[in-house]
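Here's the letter readout for the chains.
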Amino acid sequence: MRLDGKKILVADDEIRLSQLLAMFLGEQGAIVETVHNGQDAFRAATMHRPDAIIMDLNMPGVNGLEAIRSLRMTLSDTPILVLTGYCTKEHFAQALEAGATKCVAKPPSLATLTDTISQLLEDAEEKNNSGESDD
Amino acid sequence: MREVPVNMLKPIAKLPVAVLHKSGIIILQANEELNDDVIATISDSGTDMVYFAEAGERIDELRRELTHVALPLTDLTPGESLTRSLYDNSGQLLLEEGTAIPSNFAASLQRRGMDTIYFRKPPEQIEPAVARSLRADIEKVHKGESDVAPKEVIEQLEKIELKMADADDLDAAKLEAKINGLDKIEIKPGKDPFEKQIKTAKERGPATEKEKRNFTNAIEESLADIKTIYTTLADGGGRSILPLIDKVATRALAGLIQNRELLMLCGTTDSPEEYLATHSLAMTVISVNIGTCLSYDAAQIKSLAYGAMLSDVGMLKVPKEIVSKNEKLSPSEYAEIKRHSAYGLDLLQSISSIPEEVPYVVYQSHERANGSGYPCGKKDVVVHPFARIVGASDIYTSVCAKRPYRDAKLPYEAMEQLVLMCGKRLLNPNIIKAFLKCNSMFPVGSFVRLSDGSGARVVAANPEDYMRPMLSLLTDTDNNSLTEPERLDLLENKDITVTQAIYRNDMAIPDDPMIGF
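Bear in mind that the values here come from a model prediction, so they are computed numbers and not experimental data.

Trainee: Quick question: what am I supposed to make of the overall build of chain A here?
Mentor: Within chain A, the regular secondary structure consists of five helices and five strands. If you list the helices and strands of chain A from N to C, you get β-α-β-α-β-α-β-α-β-α. Computed over the C-alpha atoms, the radius of gyration of chain A is 14 Å, within 12% of the 14 Å expected from 2.2 N^0.38 for a compact globule of 135 residues. Considered along the principal axes of its C-alpha atoms, chain A spans approximately 40 × 30 × 30 Å. If you sum the accessible surface of chain A, you get close to 6,600 Å²; carbon and sulfur atoms cover 50% of it. Once the 12 positive and 21 negative side-chain charges of chain A are each reduced to a mean point, those two points are 3 Å apart.

The structure is reproduced here in structure tokens:
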């Protein structure tokens, strides 16, 4: 399976959607943790070091943009995929500026989601490997 | 002669007899003091046993007993070549190393009434060099040279010249107008970063018992000094207080040079009774640590220490019942708390001369990067960098402290709050990154659970990776306390990660506040 053994953190305050994503990614072999606000996302990412993070923007307390900016201070390489209902160019640009790796409109087609996540994981791994060979 | 293991030594104000090292060298004379510092010094030298002379015992006999091995004459085999020189009971050389034992040797000694001869123990066994340097260290302790850093370091730090504020800048109204009129506040790090003088934990290795004791003493002294500073200022006696402020600042800088991690330990205080003083000291040590990571020079770090120490001085003018209230403050009470920034400027006027940065820190440390702070709602560009540093230290140390209305939070939670506040653009990320460099995401001194189940204490940050600090393992994977803490550098052990921040009480470990360091 394409996401075999990959740890993925899903942060979305729509509980039904995050459960659905967890189920779907789980079927692809991923180990998924779900949280529902930005602060929990930051803590889960710090303590559990996911291979990738899927992040909603509109969350209570610490929102997605704020969580991404915070995460980028400590975890520079973990890919962060923003999944948002706000799909204007401005919103996407804001998310990328905060440090998101890629943005996808909500609701995503499940095929697109798998492709995007796999691609992000591959890119991260490649970057990581090339970084190591530089040592 | 009485053998006493070093870990059984108890303080004695005036020794009745001399104390010897196994090399026969006297490390303490009769009438000298055996105090905790001396005991720690002996222990740090690696000595595990000392020897007390007994009343009437002659030191030279005692010395021979310690340094020589007796051998019955009957053990000598005539014709055999000696591997070591032989002595008699008065220390006279009988036969040199390498000589063959004459056939009539034993008989001639016996005729002289001798039945025992002696070998000298080799130096590597009795370590006279250790004893000599130990004696020198003990003399230093007796002379009182046991501050956090060597005397010359402290003398040099005392000499640092600070640029003092103009008289105008000590007039609260004029100063307030001046600060509020600026459209940019910038200071550049000096040419000679103070951080260059600081050894890293890796270069230094674990702290000695003596060093830990010196730090404990220095922190207690600083706390007492800060209490004096605050009570003197509250009584309007600011004019005489500058030397004492300088003493505390100097000690903080000396602590940074000697062991910045031990210094950082008192940044997470826990004393609601003496909150103003402990909080002031905590802000000082955290601020100077952040300051060094931003490449400021010694004079800049010193005035930063002054500013941090005095930043809450305005609280002295806020009614006590508001400051120590146990419940949520009413809007008018909160408004009064916010006035302490301006009150602080009034109080500074009573100090005749103060480094020029200090009023900025006192007045601006509660401003926020996006302009949502107080007293003026100024954005970062018009807030003095030192005020931003002290502002961040203030939040961190407050979260870590136990307050009348809540328990102390985990240092990790405090660090998390700072990083999330950067995400919300309330704090400047460069300041928090500097803090992460010396404290890591899992703060120095805090306790953590690791991915393999073992428990550890963070003993130093690795500036290369905020998530992989240097640890001391304290418990094994079954939560059993280890007999000796073991160093574990997460930077070199990438298969292990921190998975949880925990309270000290979550581990069954000895009650030593500096355990692991």
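Trainee: Help me out: how do you make sense of the pattern of salt bridges in this one?
Mentor: Pairs can form between side chains of opposite charge once their charged atoms are near each other. Taken as a whole, this structure holds 29 salt bridges over all chains when the rule is applied. One salt bridge in this structure joins glutamate 32 of chain B and arginine 135 of chain B, with 2.9 Å as the shortest N-O distance. Here arginine 135 of chain B lies in helix 5 (residues 128-142) and glutamate 32 of chain B lies in the loop between strand 3 (26-28) and helix 1 (36-44), a separation of 103 residues in the sequence. Judged on exposure class, the residue glutamate 32 of chain B and its partner arginine 135 of chain B are both buried. A single salt-bridge network, built from bridges that share partners, covers Asp12, Glu14, Asp56 and Lys106 of chain A.

Trainee: I tried to follow the environment of methionine 514 of chain B on my own but got confused; where do I start?
Mentor: All names here are of chain B. Turning to its location among the elements, methionine 514 is positioned in the segment after strand 13 (498-502). Of the residues examined, methionine 514 reaches a relative accessible area of 10% and is grouped as buried. Spatially, the C-alpha atoms of methionine 514 and leucine 262 are 8.0 Å apart, while their sequence positions differ by 252 residues. Contact partners of methionine 514, with chain neighbours within four places excluded, come to Lys212, Phe215, Thr216, Leu262, Leu265 and Arg457.

Trainee: What is the right way to look at unusual backbone geometry in this model?
Mentor: Across residues other than glycine, the phi torsion is negative in most instances, and most of the peptide bonds are trans. Residue proline 107 of chain A is bonded to the preceding lysine 106 of chain A through a cis peptide linkage, with omega at -10 degrees. Secondary-structure assignment places proline 107 of chain A in the loop between strand 5 (102-105) and helix 5 (110-134). Its identity is not glycine, yet asparagine 479 of chain B carries a phi of approximately 65 degrees, on the positive side. Structurally, asparagine 479 of chain B is set in the loop between strand 11 (470-475) and strand 12 (481-489).

Trainee: Is there a simple way to explain the sheet that holds strand 2 (residues 19-20) of chain B in this structure?
Mentor: Two modes of strand pairing occur in sheets, parallel and antiparallel, and in both the strands are linked by backbone hydrogen bonds. Residues and elements named next belong to chain B. Spatial ordering of the open sheet is given by 1-4-2-3, a layout of four strands whose pairing is antiparallel. The open sheet terminates on both sides in strands that have one partner only, identified here as strand 1 (2-5) and strand 3. Bridge count between strand 2 and strand 4 (residues 49-52): two bridges; the pairing is antiparallel. Looking at strand 4, one finds that leucine 20 is bridged to tyrosine 51.

Trainee: Just checking my understanding: could you explain the sheet that holds strand 10 (residues 455-460) of chain B for this structure?
Mentor: All names here are of chain B. With antiparallel pairing, the five strands of this open sheet are ordered in space as 12-11-10-9-13. Each edge of the sheet is formed by a strand with only one pairing partner; in this case those strands are strand 12 and strand 13. Taken pair by pair, the neighbouring strands of this sheet meet at an average axis angle of 35 degrees, ignoring direction. Where strand 9 (residues 447-450) lies against strand 13, four bridges are found, and the strand directions are antiparallel. Bridging across to strand 13, phenylalanine 447 finds its partner in isoleucine 502.

Trainee: Please explain the packing of aromatic side chains as it appears in this structure.
Mentor: Aromatic ring pairs are described here by two measures, namely the spacing of the ring centres and the angle between the planes. All names here are of chain B. This structure, assessed with the given rule, holds three aromatic pairs over all chains. Taking the centre distance of 5.2 Å and the plane angle of 85 degrees together, the rings of tyrosine 296 and phenylalanine 386 count as edge-to-face. Of this pair, tyrosine 296 sits in the loop between helix 11 (275-293) and helix 12 (298-310) while phenylalanine 386 sits in helix 17 (residues 385-400), and the two are 90 residues apart along the sequence. A residue is classified by how much of its surface remains accessible, and tyrosine 296, at 6% relative accessible area, is buried. For the ring pair tyrosine 412 and phenylalanine 442, a centre distance of 5.8 Å and an interplane angle of 20 degrees mean the geometry is stacked. Of the two residues, tyrosine 412 is situated in helix 18 (residues 411-423) and phenylalanine 442 in the loop between helix 19 (429-439) and strand 9; the sequence distance between them amounts to 30 residues.

Trainee: Sorry if this is basic, but what is going on with the packing of helix 10 (residues 242-264) of chain B against helix 11 of chain B here?
Mentor: Relative orientation and spacing of two packed helices are given, respectively, by the angle between their axes and the distance between those axes. All names here are of chain B. At a closest axis distance of 10 Å, the pairing of helix 10 and helix 11 adopts a crossing angle of 100 degrees. Looking at the two axes, helix 10 sits roughly perpendicular to helix 11. For the pair helix 10 and helix 11, contact is made by Ala252, Leu256, Arg260, Leu263 and Met264 and by Thr284, Val285, Ile286, Val288, Asn289, Thr292 and Cys293, respectively. For the contact of helix 10 with helix 11, the residue count by class is eight nonpolar, three polar and one charged.

Trainee: Looking at this model, I keep getting lost on the domain arrangement of chain B. Mind explaining?
Mentor: A common way to state how big an interface is: give the accessible area lost once the parts meet. Parsing chain B into structural domains produces domain 1 (2-61 + 126-141), domain 2 (70-123), domain 3 (163-200 + 208-439) and domain 4 (447-506). One C-alpha centre belongs to domain 2 of chain B, the other to domain 4 of chain B, and the line joining them spans 57 Å.

Trainee: Just checking my understanding: could you explain the packing of helix 14 (residues 331-338) of chain B against helix 15 (residues 340-348) of chain B for this structure?
Mentor: Residue and element names in this part refer to chain B. The contact between helix 14 and helix 15 brings their axes to 5 Å, and the two run at 35 degrees. Across the interface between the two elements, Glu336, Ile337 and Lys338 from helix 14 touch His340, Ser341 and Tyr343 from helix 15. In terms of residue class, the contact of helix 14 with helix 15 is made up of two nonpolar, two polar and two charged.

Trainee: Quick question: what am I supposed to make of the side chain of asparagine 428 of chain B here?
Mentor: All names here are of chain B. For asparagine 428, the location among the structural elements is in the loop between helix 18 and helix 19. Assessed through its relative accessible area of 15%, asparagine 428 is described here as buried. From its side chain, asparagine 428 meets the backbone nitrogen of asparagine 430 in a polar contact 2.8 Å long. Sequence-distant contacts of asparagine 428, defined by excluding residues within four places in its chain, comprise Ala369, Asp380, Arg388 and Cys422.

The rules behind each value
Residues numbered from 1 in each chain as written. Chains lettered and ligands numbered in written order. Predicted model: local features only at pLDDT ≥ 70, side-chain atom pairs only at ≥ 80, totals over all residues. Heavy atoms only, no water. Helix = DSSP H or I, 4+ residues; strand = E, 2+ residues; numbered from the N terminus. Rg over C-alpha atoms; globule rule 2.2 N^0.38 Å. Areas by Shrake-Rupley, 256 points an atom, 1.4 Å probe, with all protein chains shown as cover. Lys, Arg positive; Asp, Glu negative; His and termini not counted. Charge placed at Lys NZ, Arg CZ, Asp CG, Glu CD. Salt bridge = Lys/Arg side-chain N within 4 Å of Asp/Glu carboxyl O. Buried < 20%, exposed > 50% of the residue type's maximum accessible area, 1.4 Å probe, protein only. Contact = heavy atoms within 4.5 Å. Pairing = 2+ DSSP bridges. Axes fitted to C-alpha atoms, helices over the stretch in contact; angles between N-to-C directions. Phe/Tyr/Trp six-rings, centres within 6.5 Å; stacked < 30°, edge-to-face > 60°. Parallel < 35°, antiparallel > 145°, perpendicular 65-115°, else oblique. Nonpolar A, V, L, I, M, F, W, Y, C, P; charged D, E, K, R; others polar. Domains from an automatic or database assignment. Polar contact = N/O pair within 3.5 Å; in protein donor to acceptor, adjacent residues only side chain to side chain.

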